[in-house]
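Fold and contact review
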Amino acid sequence: MFEIRVGNDGEIIPSGRFDASQSERVAKFLEEVTESRVLDLRELDYISSAGLGILVHVQQRLRKSGEALRIVNANPQVRDIFRFSGLDQLFEIE
Amino acid sequence: MERTLPRTIEALEDLFDLVRQFFVQEGIDPSNKWIVELALEELFTNTVKHNPRGGGDILVRLNRKDDRLILDLSDFDSEFFDVTKAKLPDIQAPLEERQPGGLGLYLVKQLVDDLKYEYQGRTSKITVIMSLE
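Description of the structure in this document. (Residues numbered from 1 in each chain as written. Chains lettered and ligands numbered in written order. Predicted model: local features only at pLDDT ≥ 70, side-chain atom pairs only at ≥ 80, totals over all residues. Heavy atoms only, no water.)

Our next topic: the interface of chain B and chain A. Every contact between the two is made by 22 residues of chain B and, on the other side, 21 residues of chain A. For the pairing of chain B and chain A, the buried interface totals around 1,800 Å² over both sides, and the portion due to carbon and sulfur atoms is 65%. Linking chain B with chain A are one salt bridge, by the criterion used here. For arginine 17 of chain A, the salt bridge goes to glutamate 37 of chain B, with nearest N and O atoms at 3.3 Å. At the level of elements, α1 (12-26), α2 (33-50) and α3 (103-111) of chain B are the ones that each hand at least two residues to the side of chain B that touches chain A. Among the residues forming the side of chain B that touches chain A, the class breakdown is 13 nonpolar, four polar and five charged. (Contact = heavy atoms within 4.5 Å. Buried area = accessible area lost by both parts, 1.4 Å probe. Salt bridge = Lys/Arg side-chain N within 4 Å of Asp/Glu carboxyl O. Helix = DSSP H or I, 4+ residues; strand = E, 2+ residues; numbered from the N terminus. Nonpolar A, V, L, I, M, F, W, Y, C, P; charged D, E, K, R; others polar.)

This is the structure in structure tokens:
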């Protein structure tokens, strides 16, 4: 089960399991993001390389205009995945 | 425990269900279940992407031997593609130089103890070994 929504303060909140079968849907959702946003991962249980690839692509696009995604509240597993893949160097993570 | 899965990304739900059942049956602490799920997802999706026109389903097997898990995927109609020798991404590269592809296999290699590839008679078999400790 996976959902993605915008919170009350404009933060993006994916929840559940972000596996490769959700890639197209998430990529389409994030196409609308054109300025800096918080990506709140408090409800994200799982992410694989398909999801990481989409986040990198969005970050590349945003950085070209001086904007960025900032990640907050990732659980330890998700943090590990970001670290193992070197994405902790590409995103500000709190 | 084993299951044959159709050659489509939508089969991931069944793959994760297989992992859940296996952990329950074997009474394995679920704290490391995400590593098994991630390894199998990456290898399964890699197989689907690299061989979309292959014939038939993909066989996934999960076994426990003492304190080790042995996972394997068999694709019975495939070209040779040795996942253990695939080009891996530079994870130190700056954002603008990051390219899509390869990250899944990189993560698998980071997370498991051993990754093997065998090819015989158009069958590709990928085996993952990981410690439960």
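Residue and element names in this part refer to chain B. Under the definition given, this model contains six aromatic pairs over all chains. Ring geometry for phenylalanine 80 against tyrosine 117: centres 5.4 Å apart, planes inclined by 85°, an arrangement best described as edge-to-face. Taken together, the residues phenylalanine 80 in the loop between β3 (68-75) and α3 and tyrosine 117 in strand β4 (residues 114-120) connect sequence positions 37 residues apart. Residue classification places phenylalanine 80 among the exposed residues on the basis of a relative accessible area of 55%. (Phe/Tyr/Trp six-rings, centres within 6.5 Å; stacked < 30°, edge-to-face > 60°. Buried < 20%, exposed > 50% of the residue type's maximum accessible area, 1.4 Å probe, protein only.)

Here we take up the nonpolar core. Of all hydrophobic cores here, the largest spans 71 residues; its most connected members are Phe82 of chain A together with Val36, Leu40, Phe44 and Leu62 of chain B. Take this core: its biggest share by element is nine residues, from α2 of chain B. The contact partners of leucine 62 of chain B, leaving out residues within four places of it in the chain, are Met1, Leu18, Val19, Phe22, Val36, Leu40, Ile70 and Leu71 of chain B. (Core = buried A, V, L, I, M, F, W, Y, C linked by side-chain atoms within 4.5 Å.)

The next subject is the side chain of glutamine 60 of chain A. Note that glutamine 60 of chain A resides in helix α2 (residues 49-63). Beyond its immediate sequence surroundings of up to four residues, glutamine 60 of chain A is in contact with Leu95, Glu96 and Arg98 of chain B.

Geometry only, nothing functional implied.
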